Amino acid sequence: MKFRPAAFLSAIATLAATGAALVATPAAAGVTAEANVARSEGDWGGELAVGMPVISDGGFSITPAAGVFFHHRDHPGYFNDDSQCFSRDSGDRVSDGKCDNSGTRFFGKVEAMYRLPMALGFGVGARLIGDDLRAYGTVSMPILPRIDVKGNFGDHYLAAGLQARF
């Protein structure tokens, strides 16, 4: 998938509009938004996600979410020459997307978390990106009343960032 600035801005606008629409509804008092630095399947990047708890009882919650992972993509079989992209094997000119090192991948996830009042939260999650479903652990700690610092760790997945609850 070729990274295009217009697609990036469109994805951000869509996530923002979805979050705004969910916040505007009375039943959406539990909308979450995350921004993380992440390493997934060997690629470093950033991820943005929006979710909404389907179960929230006391400190326990189950939250499905959808997001976008922006990462650096390596294409060792192609090279740039005079602003044109070529295949290393054949020397033929190919689409510019083969030389673009930016990648975008959509993902879905669900987390089950238990949060102690004004203290540590911990839980487990599952993240589906492409054809890979990976389990992970998650931990969070409030730094402001509705903002947590959060970390996810699992097999071929590591992320750290901020989560806001609306």
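Refer to the structure above for everything that follows.
Predicted model only: the values in this text are computed from it and were never measured.

1. Here we look at the overall build of the protein chain
- Within the protein chain one finds 1 helix and 11 strands.
- Each helix and strand of the protein chain, placed in order from N terminus to C terminus, yields the pattern α-β-β-β-β-β-β-β-β-β-β-β.
- Look at the contacts in the protein chain between residues 6 or more apart in sequence, and 46% of them connect residues 24 or more apart.
- If you sum the accessible surface of the protein chain, you get close to 9400 Å²; carbon and sulfur atoms cover 64% of it.

2. Observations concerning the side chain of Ser87
- Tracing the backbone through its elements, the reader meets Ser87 in strand β6 (residues 84-87).
- The residues contacting Ser87, other than those within four sequence positions of it, are Gly77, Tyr78, Phe79, Asp92 and Val94.

3. Comments concerning the packing of aromatic side chains
- Under the counting rule described, the total for this entry stands at 3 aromatic pairs.
- Ring centres 5.7 Å apart and planes at 25° place the aromatic pair Phe79 and Phe86 in the stacked group.
- Seen from the ring of Phe69, Arg127 lies directly overhead, with NZ or CZ sitting 5.7 Å from the centre.

4. Quick word on the environment of Gly161
- Mapped onto the elements, Gly161 comes out in strand β11 (residues 157-165).
- With 10 residues separating them along the chain, Gly161 and Gly151 place their C-alpha atoms 6.5 Å apart.
- When residues no more than four places from it in sequence are discounted, the contact partners of Gly161 are Ala35, Asn36, Asp148, Val149 and Lys150.

5. Concerning the pairing of strand β4 (residues 60-72)
- With 7 bridges connecting them, strand β2 (residues 43-51) and β4 associate as antiparallel partners. What sits directly across from Leu48, in β4, is Val68.
- Sheet topology places strand β3 (residues 55-57) next to β4; 3 bridges connect them, and they run antiparallel. Bridge pairing links Ser56 to Ser61 in β4.
- Counting the residues between successive antiparallel strands, the hairpin from β3 to β4 contains 2 residues, one of them, Gly58, with a positive phi of roughly 65°.
- Pairing geometry for β4 and strand β7 (residues 102-115), over 13 bridges, is antiparallel. Bridging from a neighbouring strand, Thr63 pairs with Glu111 of β7.

6. A few points about unusual backbone geometry
- Although it is not a glycine, Asp82 adopts a positive phi angle of roughly 55°.
- Relative to the helices and strands, Asp82 is located in the loop between β5 (78-81) and β6.
- A positive phi angle, close to 60°, is found at His156, a residue other than glycine.
- Within the fold, His156 resides in the loop between β10 (147-154) and β11.
- Exposure remark for His156: the relative accessible area of 46% places this residue in the partly exposed category.

7. A few points about the pairing of strand β9 (residues 132-144)
- With 9 bridges connecting them, strand β8 (residues 121-129) and β9 associate as antiparallel partners. Counterpart to Val124 in the pairing with β9 is Gly137.
- Two successive antiparallel strands, β8 and β9, enclose a turn made up of 2 residues, where Gly130 displays a positive phi of approximately 65°.
- Bridging between β9 and β10 involves 8 bridges; their strand directions are antiparallel. Residue Met141 lies in a different strand from β10, and its bridge partner there is Val149.

What counts as what
- Residues numbered from 1 in each chain as written.
- Predicted model: local features only at pLDDT ≥ 70, side-chain atom pairs only at ≥ 80, totals over all residues.
- Heavy atoms only, no water.
- Helix = DSSP H or I, 4+ residues; strand = E, 2+ residues; numbered from the N terminus.
- Contact = heavy atoms within 4.5 Å.
- Areas by Shrake-Rupley, 256 points an atom, 1.4 Å probe, with all protein chains shown as cover.
- Phe/Tyr/Trp six-rings, centres within 6.5 Å; stacked < 30°, edge-to-face > 60°.
- Lys NZ or Arg CZ within 6 Å of the ring centre and 35° of its normal.
- Pairing = 2+ DSSP bridges.
- Buried < 20%, exposed > 50% of the residue type's maximum accessible area, 1.4 Å probe, protein only.

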